[in-house]
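Chain and residue survey
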Amino acid sequence: MALALVNGRLMLPAGVREDLCVIVEEGRISALSDDVPAGAERIDLEGKLLLAGFIDTQVNGGGGALFNDDPSVQTIRVIGAAHRRFGTTGFLPTLISDDLAVVARAIEAVDQAIEDGVPGVLGIHIEGPFLSLARHGIHDPEKIRRFDAEAIELLSSARHGRTLVTLAPEEVDPAAIQALVSRGVVVAAGHTNADYETIVRAVDHGLSGFTHIFNAMSPLMNRAPGVVGAALDDDRTIAGIIVDGHHLHPAAVRIALRAKGAERLMLVTDAMPSVGTDRTEFILQGRRIHEEDGLLRDDQGVLAGSALDMAGAVRNIMAQTGVSLRDATAMASAVPARFIGVDDATGKIAIGLRADLILVDGDLNVVRSWIGGRELSAA
């Protein structure tokens, strides 16, 4: 039976429409219409705002679960349910630097989760271990290793979904980046001390994004633009940004938005297990991480991911930059969908795309959500 989502305000790519309903058939949007088909099940949206569901490409954990601790289908299920409460209908479980055997287990877990139909799983983000020791951040330096031919085979081995790999381009030959991209892997620069020229060569060979711009990368300087300068300068790339009020000064967020534009900047959470819980401490690869006023740090004061959710990221970037709700929500949906190459399936309210949708109130609190046209609770 077709679903008709009626009496709502729809955030379409061109802006809000109040005169249309969304018709869903077989999990996809079949029409945007001012008329309800005969026999359709009507769902009254009560005047609230209907958005494309958010897509988070950097999710380490949530609901008390951490992907590195237990790269399993159950962990992925728990993380997805936790973030769904905050509007995330698509996500990449993210593994930070670890042994290659753990990377292999994580890839297998994501493949199995997709086969099992775990809601929202779009693939995997492998962040490391091919990073710069000079910019390792919270990543365990003992896990960081050299890139080799074996790595190309492993990183391109997923059977389902999309694979995003974060690496340090100064540690990887440009031909290897090209080989990964030719196998369908999306490659981003992160935890990198590369110079501007190295990043440009990497982009020429297929690198298409930057992981948490400004953080854990060489800065923009007058005669050494670094990774930040390359990210802001190159219109071929998309940059992820953590807008939690801790990772970046609001001025840095505004600069990134002006340089990249809303169409090339995507919101990410870099979320840790505390999201969706009242926990203020957890263990990350043997280190105690504690939260204070939303800031996650280890005992030495090193930032350790975030306690951010996607709805919060949307609110924050609007507050810090004055960007419109349309552009802010696109940075949480359409832009990440385009970045990982799933924009032909999701990321917008448009005919033919999957019905991955969220209904929000005036404060962007999520009231209801659908993945593939199926309404799901946050539990």
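Summarised in this report is the structure supplied together with it. Being a predicted model, the structure only gives us computed values, none of them experimental.

Some remarks on the overall build of the protein chain
- Counting secondary structure elements, the protein chain contains 10 helices and 23 strands.
- Viewed in the frame of its principal axes, the protein chain has a C-alpha envelope of about 60 × 45 × 40 Å.
- Residues counted as buried form 57% of the 379 residues belonging to the protein chain.
- Within the protein chain, counting contacts between residues at least 6 apart in sequence, those at least 24 apart form 68% of the total.
- Each charge sign in the protein chain was given a centre, from 34 positive and 51 negative side chains, and these centres are 2 Å apart.

Some details on the nonpolar core
- Counting 94 residues, the largest nonpolar core has I76, F147, I241 and L267 as its most contacted members.
- Here this core takes eight residues from helix α2 (residues 100-116), the largest share from any one element.
- Residue contacts for I76: discarding those within four places in its chain leaves F67, F91, P93, A109, V110, A113, V118 and V121.
- Ranked by size, the runner-up nonpolar core spans 17 residues in total, among them L3, L5, I43 and L45.

A short note on the environment of I199
- Along the chain, I199 turns up in helix α5 (residues 196-204).
- Judged by relative accessible area, I199 falls into the buried class, the value being 0%.
- A sequence separation of 12 residues divides I199 from T211, and the C-alpha atoms of the two residues are 13 Å apart.
- Residues in contact with I199, not counting those within four places in the same chain, are P169, A189, A194, F210, V227 and A230.

A closer look at the sheet that holds strand β3 (residues 15-17)
- What the six strands build is an open sheet, ordered β3-β2-β7-β21-β22-β23; its pairing is mixed. The sheet terminates laterally at β3 and β23 (374-375), the two strands that pair on one side only.

Section: the packing of aromatic side chains
- Under the defined criterion, the tally for this structure stands at one aromatic pair.
- Measuring from centroid to centroid gives 4.9 Å for F130 and F147, while their planes differ by 70°, and the two rings are edge-to-face. Of this pair, F130 sits in the loop between β12 (123-127) and α3 (149-155) while F147 sits in the loop between β12 and α3; the two residues are 17 residues apart in sequence, bridging distant segments of the chain.

Quick word on helix α6 (residues 226-233)
- Most of α6 sits inside the fold, with seven of its eight residues counted as buried.
- Regarding α6, the residues found buried are G226, V227, V228, G229, A230, A231 and L232.
- Those residues of α6 that are buried are in contact with α5, β15 (209-210) and α7 (250-260).

Some details on unusual backbone geometry
- Between G128 and the following residue, P129, the backbone shows a cis peptide bond with an omega angle of 15°.
- Even without a glycine there, the phi angle at F214 is positive, about 80°.
- For F214, the position within the fold is in the loop between β15 and α6.
- Classification of F214 as partly exposed rests on a relative accessible area of 24%.
- The backbone phi angle of Q285 is positive, close to 50°, even though this residue is not glycine.

Quick notes on helix α8 (residues 310-321)
- For α8, spanning 12 residues, the distance from its first C-alpha to its last is 16 Å, which sits close to the expected 16 Å at 1.5 Å a residue.
- Turning to α8, the residues buried within the fold contact β8 (54-59), β11 (88-96), α7, β17 (265-267) and α9 (325-330).
- Just beyond α8, the residue with positive phi is G322, at close to 80°.

Here is what the cut-offs are and how they apply
- Residues numbered from 1 in each chain as written.
- Predicted model: local features only at pLDDT ≥ 70, side-chain atom pairs only at ≥ 80, totals over all residues.
- Heavy atoms only, no water.
- Helix = DSSP H or I, 4+ residues; strand = E, 2+ residues; numbered from the N terminus.
- Buried < 20%, exposed > 50% of the residue type's maximum accessible area, 1.4 Å probe, protein only.
- Contact = heavy atoms within 4.5 Å.
- Lys, Arg positive; Asp, Glu negative; His and termini not counted.
- Charge placed at Lys NZ, Arg CZ, Asp CG, Glu CD.
- Core = buried A, V, L, I, M, F, W, Y, C linked by side-chain atoms within 4.5 Å.
- Pairing = 2+ DSSP bridges.
- Phe/Tyr/Trp six-rings, centres within 6.5 Å; stacked < 30°, edge-to-face > 60°.
- Expected span 1.5 Å × (residues − 1).

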